[in-house]
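Residue-level structure breakdown
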Amino acid sequence: MADNFNIPPFAASHFDRRTFLDALLAVGFVSTAAAIAYPVARYLVPPASGEPATQTAVAGRVGALGLNAAAIFKFGSKPGIVVRTAEGEIRAFSAVCTHLDCTVQFKNDTSQLWCACHNGTYDLGGAVVSGPPPRGLEQFVVNLRGEGNDAEIVVSRS
Amino acid sequence: MNLGTWLDERLDLSGVRHFIAEKGVPVHTQKIWYYLGGMTLFLFGVQIFTGILLLLYYRPSASEAYESVQFIVTQVQFGWLIRNVHSWSANLLIGLAFAHFFSVFFLKSYRKPRELTWVTGILLLFLMLGFGFSGYLLPWDELAYFATKVGTGIAGAVPVVGHFTLRLLRGGDDVTGATLSRFYGLHVAILPAVTTALVALHLLFVQQQGMSVPLSIERKLKPGERLPQMRFFPNYILRDVLAWYVVLAVLAALAAFYPWELGTKADPFAVVPPGIRPEWYFLAMFHTLKLLPSHVLGVEGEHLGVVAFGMAALFLILVPFLDRRASRGEPSRAFTVLAVLGLVYLVTFTIIGHYAK
Amino acid sequence: MQFTKTPIDARMKASRSRCKATAARFFRRAKASAEPSLRVLVVMVLAALLFPRGMAAQTAPAATNTCVACHATQQDQRIATPAALFSGSDVHRENGFKCADCHGGNPAATDKARAHDPAQQFKGRPAGQAIVGTCARCHSDAAFMRGFAPRQRVDQATEYAASVHGQQLAKGDHNVATCASCHGAHGVRRVSDAKSPVFPTNVANTCATCHADTTRMRGYKRPDGSPLPTQQFADFQKSVHYATLTKGHDLAAPTCNDCHGNHGAAPPGVGSVANVCGTCHAIFAQKFGTSVHKDIFDKGCVECHSNHAVLKPSDDMLAASGRGICATCHNADDKADKGAAAAVAMRGDIERLKTGIERTGALIGQIKKAGIEVSDQQLALREAGTKLTLARTEMHAFAPPQVATVVAEGDTIIAAVDKAGQNGVVELRYRRRGLFISLGAILFVVVTLGLKLRQIEHRA
């Protein structure tokens, strides 16, 4: 360590391998440290979706749903349907028809949930009105998070 | 004024400086085995680090555990990497721990004055197996659920205290969310606390007594002769770091080429998948128990097996006190043979257990 | 005693006073009475002792309902059984009706002659048309029925008269079913009672009692002259409807009366089968109604799906060769056969969508296990599955372009999911590449460390 402490490594008349090796080592350590620190730093930042959607899901905002209208939302890997009745009440059901798993839709002329595949019809309590479905639609619990039209519709299983 | 001087003015670091400057490591043909302990320690550090990261997102309940792991792997940035490293590192850790154990066993480093180092070490080995068993259940996937069922069932086969132990482990009569909570507590709190204490003791003993020289080499030394020493800092340290980086490279390669899969969520009411078996580090024991006849001389085979393994564990802990010849510095062929038999048995039965239907 | 239709309270009051009067009269005539009267006396005394508070209709045997008291003790089961049945679960008895309300006679009389007095409108055992008349006297009276079951229909007898059973009975055929054949006469339960022979799960068995009996059905012919078949029940038991009803416990599934009518039972005319099936399978009937087959098929839905042995349909049915149903009329080898071409086209579309869903589903499953987030894709795959079901529904219009449109929608969804799946595979490769690069950096450090070690040790 006594020699060459003034002269930059590459300017020396003979190439100082020792300091070059130290520099390489430094580069190596720093890059591997970065290769570890970078993913860890990104990991610590909370992801966009917040938390695992097993028991609850967000089904959009109140303002996006008009009266006597409905929208499909994602609940885990299955579709759900959130309905706003003519009186303004918000209800949510599983959108999976209990007959052959087609996705149901809302008919605003009859205010009923209807499956296009084989004409199954459900009322706004989820019960079967007519058609082949053997069971009613599972109804979810609806809560609102926030105020007014901006409130988030939070759907949970129980 | 550098950091060292600043600290020296406040805390007397002369002892540390002296230690670093003077400490040496014996140089001989078998010194390669010295690094195994450090590599195991490095991986333990990796496990603590990745484990803490995982528990920021993991949820220890039967209805959310699997989904939280799925969340980590699919939604959290680089969650797949942290999880992969944690899973692979666990396996490598246990592998290295066994390698370290066998190297010490063969080189007879357990002999006087290092009996306590051996005892703490054996206990650490068992703790690592405990970490593996408890951690495996945490993703709450199908294979883990049934493997835990089988494993805790075997614990129930211990005579007298078996049923109590089974209930203690499972948090009830069956493997349920209660088991998951319990295993989680074990895995992130109880085992780490005990392990940290034992590792501290183990390292303290090693630093205090220095590296042991293999018996065969020691015996060849003439009286008064000392083996050449390698400086601990920087030579041994650099080699240690090199070894750790090699381990890191293996980890990265495994995570890249054999990423850990998610499996399917545990369903307690599903049929046990055929060919269910525990992780590789329990395979030898598991397969042995499977091969035992159902009754031996009127005693249930499984009870006999479990008791035999218990006796083996006790024997292992007491090896330094039983191997009188090694303690006196004499060759101890019997224990070398035992070590060979043990290694052959473990390797063979692990392989058989892996390929058995 | 008058055979009357007075409200229950009045009748009960009248019963109780008649009870006392009868008992008084009886004791006066005791010695002069014949054997049967003695038996009746014993029973009555016992009854009076056991049930001192007088006769409510629900307790057995009524002191003023001497019919049951006498009939129940008879040796001949033809006489004893109806009495026993009526004393058990019977909706009429539970509403206060007694034997005399249907059979006439004098329920207070203690000897047979007076009990069976024709002057008291005693009918005995009604047979044939008389059964219908007995039931219809109340059940066709809307005002009367309003007092007991306001929602119950009162046109059953009219319907029955229009049915095959009714028409045969009018011709004097006593072999056919009447009210009592299906509903019972004594021990009649409500239709909603699971033990009733006309509860939905029991209807087919009840109809089969006659219609599966080859001996009984011998001699009956269809309008076209062919003998009336008797394997309908056996066929029905193979059907999806029967399985849904009995194993699935879904009471919405049809049984005999849902297609043939309750009281106006007749096979639906051949032209109206599609209407009948269409009451539940509305979309299919509507699509079929627009198709070329509507005017060609004699028997509508039945041509392909059978009438009683309606099996779970499968895509295999849609083929103009081999086991396909289209092959009954169409020939896939005939190049000029447009129907066969249509079948091949529609089947081809459906199969393509089906395999597309399976293949993409497998890809998504694979990357899901490897740790890629795929819930959106799973949702979309579900939509594609819906399109597949809709395509099978659309097929009933027998117009390949319509099926192709629905299948095309499914194909679009599958293409999008496939793309996402491929992106997932790319993401997995990207991860592997990243790790590879890190591996490179780590190995670089390993090598450099090795060199550094060599350097410091050579210096020493």
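Reading guide: rules and limits
Residues numbered from 1 in each chain as written. Chains lettered and ligands numbered in written order. Predicted model: local features only at pLDDT ≥ 70, side-chain atom pairs only at ≥ 80, totals over all residues. Heavy atoms only, no water. Helix = DSSP H or I, 4+ residues; strand = E, 2+ residues; numbered from the N terminus. Rg over C-alpha atoms; globule rule 2.2 N^0.38 Å. Buried < 20%, exposed > 50% of the residue type's maximum accessible area, 1.4 Å probe, protein only. Contact = heavy atoms within 4.5 Å. Areas by Shrake-Rupley, 256 points an atom, 1.4 Å probe, with all protein chains shown as cover. Pairing = 2+ DSSP bridges. Axes fitted to C-alpha atoms, helices over the stretch in contact; angles between N-to-C directions. Buried area = accessible area lost by both parts, 1.4 Å probe. Salt bridge = Lys/Arg side-chain N within 4 Å of Asp/Glu carboxyl O. Polar contact = N/O pair within 3.5 Å; in protein donor to acceptor, adjacent residues only side chain to side chain. Nonpolar A, V, L, I, M, F, W, Y, C, P; charged D, E, K, R; others polar. Core = buried A, V, L, I, M, F, W, Y, C linked by side-chain atoms within 4.5 Å. pLDDT = per-residue confidence, 0-100. Phe/Tyr/Trp six-rings, centres within 6.5 Å; stacked < 30°, edge-to-face > 60°. Lys NZ or Arg CZ within 6 Å of the ring centre and 35° of its normal. Parallel < 35°, antiparallel > 145°, perpendicular 65-115°, else oblique. Expected span 1.5 Å × (residues − 1).

**Comments concerning the overall build of chain B**
Each helix and strand in chain B was counted, giving 15 helices and four strands. Taking 21 Å as the expected radius of gyration for a compact globule of 357 residues, we find that chain B reaches 23 Å, a close match to that expectation. Referenced to the eigenvectors of the C-alpha coordinate spread, the extents of chain B come out at roughly 70 × 60 × 35 Å. Counting all 357 residues of chain B, 45% fall into the buried class. Of the contacts made within chain B by residues no fewer than 6 positions apart, 76% connect residues no fewer than 24 positions apart. Only carbon and sulfur atoms are counted for the fraction: they give 70% of the accessible area of chain B, which is about 18200 Å².

**Focus: the overall build of chain C**
Regarding its fold elements, chain C presents 24 helices and zero strands. Considering only intrachain contacts with a sequence separation of at least 6, the fraction spanning at least 24 residues in chain C is 57%.

**Regarding the sheet that holds strand E4 (residues 90-94) of chain A**
The strand order across the open sheet formed by six strands is E1-E10-E9-E4-E3-E2 (chain A), and the pairing between neighbours is antiparallel. Lying at the two open borders of the sheet, with one neighbouring strand each, are strand E1 (56-61) and strand E2 (69-75) of chain A. Looking at each pair of strands side by side, their axes are set apart by 30° on average, direction ignored. Where E2 of chain A and strand E3 (residues 78-84) of chain A come together, seven bridges link them in antiparallel fashion. Pairing of Phe75 of chain A across the sheet is with Lys78 of chain A, part of E3 of chain A. In the packing of helix H23 (residues 375-394) of chain C onto the sheet, the strands contacted are E2 and E3 of chain A, and the crossing angle to E3 of chain A comes to about 80°.

**A short note on the interface of chain A and chain B**
At the interface, 18 residues of chain A touch 22 residues of chain B. Together chain A and chain B conceal approximately 1700 Å² of surface at their shared face, both sides included; 71% is due to carbon and sulfur atoms. Along the contact surface separating chain A from chain B lie zero salt bridges. Viewed at the interface, chain B and chain A are joined by five residue pairs in polar contact (both at pLDDT 80 or more). Residues of the side of chain A that touches chain B, tallied by class, amount to eleven nonpolar, five polar and two charged.

**Observations concerning the nonpolar core**
Residue and element names in this part refer to chain B. Phe101, Phe105 and Trp118 are the most contacted members of the largest nonpolar core, which has 99 residues in total. For this core, the element with the most residues is helix H11 (residues 232-257), which contributes 15 residues. Not counting residues up to four positions away in its chain, the partners in contact with Phe101 are Trp118, Ile122, Leu125 and Leu316.

**Digging into the confidence of the model for chain C**
Residues and elements named next belong to chain C. Scored by pLDDT, chain C comes out at a mean of 84, with 85% of its residues at no less than 70. Every residue in residues 30-35 scores below 50 in pLDDT, and together they form one contact with partners more than four places removed in sequence or on other chains. Long-range and interchain partners of residues 52-63, a stretch whose pLDDT sits below 50, account for 15 contacts in this model, where long-range means more than four residues apart. The ipTM, which scores confidence in the relative placement of chains, is 0.84 for this predicted complex, and the corresponding pTM is 0.75.

**Focus: the side chain of His287 of chain B**
For His287 of chain B, the location among the structural elements is in helix H12 (residues 280-291). If we ignore the near neighbours within four places in the chain, the residues touching His287 of chain B are Phe349, Ile352, Gly353 and Ala356 of chain B.

**Looking at the packing of aromatic side chains**
Within the structure shown, the criterion is met by 37 aromatic pairs over all chains. Pairing Phe44 of chain B with Phe131 of chain B gives two aromatic rings, centres 6.1 Å apart and planes at 65°, and the pair type is edge-to-face. One end of the pair, Phe44 of chain B, is in helix H3 (residues 35-55); the other, Phe131 of chain B, is in helix H6 (residues 115-137), and 87 residues separate them in sequence. Exposure remark for Phe131 of chain B: the relative accessible area of 13% places this residue in the buried category. Between Phe233 of chain C and Tyr242 of chain C, the aromatic rings sit 6.4 Å apart at their centres with planes inclined by 90°, giving edge-to-face as the arrangement. Grouping residues by exposure puts Phe233 of chain C and Tyr242 of chain C together as buried. Three or more aromatic residues joined by ring pairs make a cluster, and in this case those are Phe98, Phe101, Phe102, Phe105, Phe106, Tyr110 and Trp118 of chain B. Over the ring of Trp114 of chain A we find Lys107 of chain A; its NZ or CZ atom is 4.7 Å from the centre of that ring. Its end group placed over the ring of Phe75 of chain A, Arg157 of chain A keeps NZ or CZ at 4.4 Å from the ring centre.

**A short note on the interface of chain C and chain A**
At the junction of the two partners, chain C supplies 26 residues and chain A supplies 27 residues. Note on chain C versus chain A: buried area summed over both sides is about 2300 Å², and carbon and sulfur give 66% of it. On the surface where chain C and chain A come into contact, there are three salt bridges. Those elements giving two or more residues to the side of chain C that touches chain A turn out to be helix H19 (282-289), H23 and helix H24 (400-459) of chain C.

**Digging into the packing of helix H8 (residues 162-170) of chain B against helix H9 (residues 177-209) of chain B**
Residue and element names in this part refer to chain B. Where H8 contacts H9, the axes come no closer than 7 Å and their chain directions differ by 80°. Of the possible angle classes, the one that applies to H8 and H9 is roughly perpendicular. Two secondary-structure elements touch here, H8 through Leu168, Leu169 and Arg170 and H9 through Ala178, Thr179, Arg182 and Phe183. Among the residues forming the contact of H8 with H9, the class breakdown is four nonpolar, one polar and two charged.

**A look at the pairing of strand E6 (residues 112-115) of chain A**
All names here are of chain A. One ladder, built from three bridges, connects strand E5 (residues 105-107) with E6; its direction is antiparallel. Bridge pairing in E6 places Gln105 opposite Trp114. Connecting E5 to the next strand, E6, in antiparallel fashion are four residues, including Ser111 with a positive phi near 50°. Where E6 lies against strand E7 (residues 120-122), three bridges are found, and the strand directions are antiparallel. Following the sheet pairing, Trp114 is matched in E7 by Thr121.

**Remarks on H6 of chain B**
Taking 1.5 Å of rise per residue, 23 residues should cover 33 Å, and H6 of chain B covers 34 Å from first to last C-alpha, within 8% of that figure. A large share of H6 of chain B lies buried, amounting to 17 of its 23 residues.

**Looking at the sheet that holds E7 of chain A**
Paired through their backbone hydrogen bonds, the strands of a sheet run either parallel or antiparallel. All names here are of chain A. Sheet architecture is open: four strands sit in the order E5-E6-E7-E8, paired in antiparallel fashion. Among the strands making up the open sheet, the edge pair consists of E5 and strand E8 (128-130). If you compare each strand with its neighbour and ignore which way they point, the axes differ by 40° on average. Alignment of E7 against E8, held across two bridges, turns out to be antiparallel. Opposite Tyr122, over in E8, you have Val128 as the bridge partner.

**Focus: the environment of Lys247 of chain C**
Residue placement: Lys247 of chain C occurs in the loop between helix H16 (240-246) and helix H17 (256-260). Taking the C-alpha atoms as reference points, Lys247 of chain C and Thr201 of chain C, separated by 46 residues in sequence, lie 9.9 Å from one another.

**Some remarks on the environment of Thr355 of chain C**
Residues and elements named next belong to chain C. The residue Thr355 is located in helix H22 (residues 338-369) in this model. On the accessibility criterion, Thr355 (42% relative accessible area) is partly exposed. For the pair Thr355 and Gly261, spaced 94 residues apart in sequence, the C-alpha to C-alpha distance is 42 Å. There is a polar contact of 3.0 Å between the side chain of Thr355 and the backbone oxygen of Arg352.

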